[in-house]
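# Remarks on the overall topology
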Amino acid sequence: MNNKITSVAKAITLLLATASTAAYADLVITEYVEGSSNNKAIEISNLGDSNIDLDAAQYVLTLYSNGATEPGNTAVLTGNLAAGSSIVYHNAGADEQFKVGIESTVTYFNGDDALVLTKDGATIDRVGKLGERPDGAWTDPNDPDFSTKDKTLRRKASITTGDTDASADFPGANNQWVVFEKDTADGLGCPGEGACVAESGVLIITEYIEGSSNNKAIELSNVGGSAIDLDAAQYKLTLYANGATEPGNSETLSGMLAAGESIVFYNSGAADEFKVGTESTVTYFNGDDALMLTKDDVVIDRIGKLGERPDGAWTDPNDPDFSTKDKTLRRKASITAGDSDAYGDFPGTNNQWITFDIDTADGLGCMGEVACGDTPVDPEPDPTPCNNCVELTPVADPDAFEPNVYYTDVLSGSFDDAEAMKDAISITIANGHQQLSYKEVWTALTYSDEDPANRSNVIELYTGNSISKQNNSQGANAADEWNREHVWAKSHGFPSESQLGYTDAHHLRPTNVKVNSTRSNYDFAECGDTATEIADAPGNFVDSSGRCFEPRDEVKGDVARMIMYMDTRYQGNDSNMPDLIAVDRMTTSDEVSNNEPLHGKLCTLYAWHHQDPVDDADVQRNDAIYTYQGNRNPYIDYPEWVQAVYGEQCDDPLQPELDVDVIITAPESVNEGEAFIIDASETVVKDEVELSFNWEQTAGPELEFDASSSILALTAPEVTSDTPLQFTLTVSDGTLETTQAVSVTVVNVPLAFDISFSGNTELNEGDSTVITAAIANEPEGLQYSWTQISGMSADYTADGLVLNVTAPDVDVDQTLVFTLFVSDGEEQYSTNVSIDVKNQQESGWSKPDGAGSLGAGLLMLLPLLWRRRQS
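Residues numbered from 1 in each chain as written. Predicted model: local features only at pLDDT ≥ 70, side-chain atom pairs only at ≥ 80, totals over all residues. Heavy atoms only, no water.

Attention shifts here to the packing of aromatic side chains. Overall, the coordinates contain 24 aromatic pairs when judged by the stated rule. Ring geometry for tyrosine 32 versus phenylalanine 109: centroids 5.1 Å apart, planes at 20°, classification stacked. Here tyrosine 32, found in strand 1 (residues 27–34), pairs with phenylalanine 109, found in the loop between strand 8 (102–103) and strand 9 (114–119); they are 77 residues apart in sequence, far enough to count as distant. The class for tyrosine 32 is buried, based on a relative accessible area of 1%. (Phe/Tyr/Trp six-rings, centres within 6.5 Å; stacked < 30°, edge-to-face > 60°. Helix = DSSP H or I, 4+ residues; strand = E, 2+ residues; numbered from the N terminus. Buried < 20%, exposed > 50% of the residue type's maximum accessible area, 1.4 Å probe, protein only.)

Okay, here's the thing in structure tokens:
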């Protein structure tokens with residue numbers, strides 16, 4: 001099927017992709033975000049004028065932590081990057097506004113780490129200095145705002161090539177970065193110093209059909225970059241018949257029209273192939289009628305010329321095929337704005353239309369110059385399925401999922417022990433389970449592990465890489481392909497494809513073929529010093545002699561919840577499946593050879609579940625598998641059930657909380673440098689049992705305090721902006737305990753000084769003076785600078801708190817104002833001093849007689865002269 005290109009932007013991208021390889025292209029780090037908590041992201045942009053084929057070389061972004069010279073986490077860039085486009089990597093734990101582009105562990109940086117962008121191993125750009133760890137962050141002595149910690153940095157617009165010296169000082173003498181406040185996210189996804197601005201929607205007529213009999217249709221499309229709210233203004237298509245200037249039949253548009261989407265109106269008497277969209281009388285046109293598209297009664301596009309009726313049709317002397325009668329016309333893909341001159345000649349000297357034969361209907365429903373195919377296509381269709389994928393029919397609707405209903409027998413049950421609860425969960429998640437074929441698993445994984453940033457890709461479990469759905473394989477050595485990994489290794493209890501667990505998608509994941517082979521059928525555990533890091537999947541470790549595999553930290557919880565699902569789901573109640581058992585040990589090679597239904601290592605997995613909690617990727621998988629397999633992973637829906645079922649086996653039994661009223665008094669805010677109290681001494685428990693207290697600071701600059709006291713006596717730290725402090729109190733009676741958190745905001749007090757000035761501030765032109773500033777209770781380490789902010793430019797020098805000024809020649813008396821800036825290295829305070837300069841009369845000048853009209857005229861002109869000199 002030959003689909004139309006769905007936007008002008010895609011057409012331009014394709015053109016750039018096929019341009020000469022000699023065209024100029026530069027890949028540059030254009031934005032760096034190091035914000036609060038996990039709000040971290042890095043943006044890489046193509047600042048050249050041509051497409052970059054990222055697969056033609058090895059482009060890698062590498063993190064070097066804590067001054068290391070050995071590479072840490074990496075992101076390999078793939079695909080094509082059009083000129084002016086960007087790739088963004090974000091931290092999995094970041095707030096939603098930072099989740100632009102691709103989740104990546106390369107964002108596991110703090111302000112004292114380095115990032116290096118390479119092409120085939122050669123540095124092409126960097127943030128930070130390789131092999132060096134600064135004290136907290138890289139800073140710039142010439143710019144007190146610049147820091148690689150708690151800031152957003154954007155590359156200056158003047159920078160078009162990267163910084164290739166990874167061992168040089170950073171940011172160096174020529175700082176290339178613009179600084180923004182912490183947690184600024186509005187620039188991610190586009191290069192430049194400002195925030196990203198969405199391209200607006202643009203509505204134009206993209207197809208016109210005047211065929212035989214009633215085969216008539218008109219197509220309108222949004223060729224802009226964002227959706228159009230058609231109800232926000234009055235969009236109307238109106239027919240003007242036979243040269244009329246009064247409107248005839250019309251259609252008022254409503255609803256939302258996404259970028260690249262189209263609206264079609266067709267004639268009720270048309271043949272079936274023309275009946276796309278909505279039936280309308282606005283199609284009662286012949287070749288000599290005009291159509292006007294308006295927004296709030298202003299013409300934004302048109303067919304024909306208003307108030308004119310041609311002889312049968314509008315034609316083009318330069319194109320004998322063009323006609324508005326017995327033809328199909330499609331707008332050229334290069335046209336991105338409508339023709340708003342309703343009275344201009346049509347089609348004019350710059351004909352915007354491509355002509356097709358009478359009764360051509362295969363382009364209706366999608367904008368562009370070519371056919372949509374046999375049926376109109378979604379302008380942004382679902383990605384092509386993977387190789388060997390088969391179509392799946394949904395068996396459940398995650399949007400209608402009600403956990404209280406699905407798990408009602410568990411939620412309402414009363415269980416004597418963990419095993420009884422586990423049995424109840426097993427029965428619940430067995431209901432509705434539809435067995436997939438192993439071929440259908442391919443398709444299921446393209447939904448469950450789809451890359452949210454690129455619907456054509458899946459995320460590999462162990463590498464974290466985003467890879468095309470088309471690159472699926474059953475080979476054993478394909479480094480750039482993925483296959484179906486049995487997380488509960490199939491040789492641990494179900495070696496046959498006919499067995500239910502073999503095709504249970506809840507534990508099947510896309511993995512790199514080579515890494516899948518390396519994992520083999522080993523148990524999951526902390527593999528220790530004998531393990532080797534996998535070259536093709538950094539962060540994953542294997543010890544083949546110990547039959548141990550340790551996945552990367554980001555998916556350890558995922559692995560744990562899949563193993564626990566399998567242990568819970570299969571209790572020996574299915575005809576072709578044994579009772580799977582997660583054991584707290586490593587299984588033996590003999591057990592695996594005998595297909596014993598055992599898998600380890602349980603309590604390590606239990607710890608991983610808490611270390612790597614449920615995230616959006618887990619929820620996406622659970623919903624997708626529920627859609628096509630009909631059952632759910634309970635430990636994603638209710639993560640707390642992991643402790644209820646497995647906690648006692650792993651020395652973490654469920655305990656009731658201490659029945660106590662924790663009473664904490666604390667100020668909501670306190671100024672920096674001030675003392676304050678957090679008091680929990682009023683906390684009491686029944687029967688007056690003696691309580692112990694344990695405080696832990698969980699956020700904010702670290703403070704010293706007695707963690708075991710019921711009262712904390714604290715001093716607010718110095719801060720550069722309002723900063724929350726958070727403490728968690730654990731109260732215990734020796735058996736049970738409970739916790740409560742409290743927050744206090746430290747208010748940044750703006751820097752201020754008591755400054756006085758001495759020296760002559762009344763000068764004649766040409767005179768000099770020395771102004772000396774004095775700061776009451778002047779602290780050490782201050783920095784000073786002076787600048788003139790108003791008045792005629794004067795010659796002046798400054799040394800610390802001393803300003804030397806020579807008054808300029810002036811035509812009229814005026815005031816010079818100088819600003820003194822005082823900085824403590826983090827904040828800045830300023831104050832002004834004024835110097836009055838008097839104009840001196842030239843010798844031989846005398847005042848004219850005031851009684852004459854000339855004298856009065858001069859007096860009237862003086863204000864004008866002053867205003868003009870001001871301007």
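Bringing the pairing of strand 13 (residues 151–155) into the picture now. Most of strand 13 sits inside the fold, with five of its five residues counted as buried. Burial along strand 13 is two-sided: Lys151, Leu153 and Arg155 facing one way and Thr152 and Arg154 facing the other are all buried. Pairing geometry for strand 1 and strand 13, over four bridges, is antiparallel. Paired with glutamate 31 across the two strands is arginine 154, which belongs to strand 13. (Pairing = 2+ DSSP bridges.)

Attention now goes to the state of the cysteines. If you walk through the whole model with that rule in mind, you get four disulfides. The residue that forms a disulfide with cysteine 190 is cysteine 196, at a sulfur-sulfur distance of 1.9 Å. Its S-S torsion of about -110° marks the bond between cysteine 190 and cysteine 196 as left-handed, since a negative value means left-handed. Across a sulfur-sulfur distance of 1.7 Å, cysteine 366 and cysteine 372 are joined as a disulfide pair. Around the S-S axis, the bridge from cysteine 366 to cysteine 372 shows a dihedral of about -115° and counts as left-handed. Each member of the pair, cysteine 366 together with cysteine 372, is buried. (Disulfide = S-S within 2.5 Å.)

Most of strand 46 (residues 723–732) sits out of view: eight of its 10 residues are buried. Pairing of strand 44 (residues 692–699) with strand 46, which is carried by seven bridges, proceeds in the antiparallel orientation. Bridge pairing in strand 46 links glutamate 696 to threonine 728. Relative to strand 47 (residues 737–747), strand 46 runs antiparallel, the two being bridged by 10 bridges. When the bridges of strand 47 are listed, valine 731 appears paired with threonine 738. Here strand 46 hands over to strand 47 after four residues, with glycine 734 in that stretch at a positive phi of 100°.

Now for unusual backbone geometry. In this structure, proline 171 follows phenylalanine 170 across a cis peptide bond, with omega equal to 5°. Turning to its location among the elements, proline 171 is positioned in the loop between strand 13 and strand 14 (177–180). Between glycine 600 and the following residue, lysine 601, the backbone shows a cis peptide bond with an omega angle of 10°. Residue placement: lysine 601 occurs in the loop between strand 39 (598–600) and helix 9 (602–611). The phi dihedral of asparagine 242 falls on the positive side, at around 55°, and the residue is not glycine. Its identity is not glycine, yet aspartate 359 carries a phi of approximately 65°, on the positive side. In this structure, aspartate 359 sits in the loop between strand 28 (353–356) and helix 2 (403–406).

Let us now look at the sheet that holds strand 49 (residues 762–764). Spatial ordering of the open sheet is given by 49-55-54-51, a layout of four strands whose pairing is mixed. Lying at the two open borders of the sheet, with one neighbouring strand each, are strand 49 and strand 51 (783–790). With strand direction ignored, the average angle separating the axes of adjacent strands in the sheet is 30°. Relative to strand 55 (residues 828–838), strand 49 is paired through three bridges, and the arrangement is parallel. (Axes fitted to C-alpha atoms, helices over the stretch in contact; angles between N-to-C directions.)

What follows concerns the sheet that holds strand 24 (residues 298–303). The strand order 19-18-23-24 describes an open sheet built from four strands, whose pairing is antiparallel. Every interior strand has two partners, whereas the edge strands, strand 19 (250–252) and strand 24, have only one. Pairs of neighbouring strands in the sheet enclose a mean axial angle of 20°, with direction left out of account. Where strand 18 (residues 235–240) meets strand 23 (residues 290–295), six bridges bridge the pair, whose relative direction is antiparallel.

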